[in-house]
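# Observations on chain architecture
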Amino acid sequence: MSPQAIIDKITENNGIAAFNMKWIKREFDSTWERLSESRCRELQEWLQSEDIGYLCLGAHSGHERRDCPLPSVETAEVLLYQKNSAIGLIIRLTSSDTPPGYQPAAIGGMLSMMAGTLESVWKGAFKDIRGILGEGSSEQQRA
C-alpha cells in the first residue's frame, strides 16, 4: 500500500479515524522495520503536507497536548483528522490550532451554531455524556 491508504481511511470515516502507530508506519513506508523519533518527525511532516492533524490521547507529561509529538511506540494510538473537514474545523476551533486573529466570541458563535445542528439532528442521543465517556452518570458521581 501507499500513504494514500492513510488518507483514504480518514476520508472513509468522515474526516477522522483512530490508528495505531504500527499500521501508520506500515502504510507510510513498508520497508521500515521499526519506528524512531526521526521517522515520526518524517511522518509528522508528511501529515502536515497533506493537511492532516493528529491528536494524541491520554496523559501528557513533559509537553503541552498541542505540542505532542507522534509517539514512536507502535502500540500507541492516535486520531488523525483532515483539517479541512467538518470535524477538523471543530477540533481546530476547540484547540489551540485556530487560525490567527480568531476571537473567542467568533469561535463561540461558530461552535454554538454547530452544537445547535448536532442537537437537532441527534435529539438528545448524548444526554448521558458521562456514560459515553466512561465517567459514570451524575448520580454515580455524587454517590
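The text that follows walks through the structure, step by step, so that each part is easy to find.

About the thresholds
- In this convention, every chain numbers its residues from 1, walking through the sequence in written order.
- Residues qualify for local features only when their pLDDT is at least 70, as the model is predicted, and side-chain atom pairs are given and counted only at 80 or more; totals for whole chains, interfaces and linings, by contrast, use all residues.
- Only hydrogens and water are removed before side-chain values are computed, so all heavy atoms of the structure are retained for them.
- By definition here, a salt bridge exists when the distance from a side-chain nitrogen of Lys or Arg to a carboxyl oxygen of Asp or Glu is within 4 Å.
- In this description a helix means any DSSP run of H or I spanning at least four residues, a strand means any run of E spanning at least two, and both kinds are numbered starting from the N terminus.
- Any two rings among Phe, Tyr and Trp, with Trp reduced to its six-membered ring, count as a pair given centres within 6.5 Å; such a pair is stacked if its planes are under 30 degrees apart, edge-to-face if over 60, and tilted if neither.
- Burial classes: relative accessible area under 20% of the type maximum marks a residue as buried, over 50% as exposed, and values in between as partly exposed (1.4 Å probe, protein chains only).

Right, let's talk about the pattern of salt bridges for a bit. In this structure the tally under the stated criterion is 2 salt bridges. Put simply, Lys25 and Glu74 hold a salt bridge, and the shortest N to O gap is 2.8 Å. Separated by 49 residues along the polypeptide, Lys25 in helix 2 (residues 21–28) and Glu74 in the loop between strand 2 (52–56) and strand 3 (77–82) bring together distant segments of the chain. With a shortest N-O distance of 3.7 Å, Glu27 and Arg26 are connected by a salt bridge.

This part takes up the packing of aromatic side chains. In the structure shown here, the tally under the stated rule is 3 aromatic pairs. Pairing Phe19 with Trp23 gives two aromatic rings, centres 4.7 Å apart and planes at 10°, and the pair type is stacked. Each member of the pair, Phe19 as well as Trp23, carries the same accessibility label: buried. Among the aromatic side chains, those forming a connected cluster through ring pairs are Phe28, Trp32 and Trp46.

Fair warning: the whole summary comes from geometry, so function is off the table for now.
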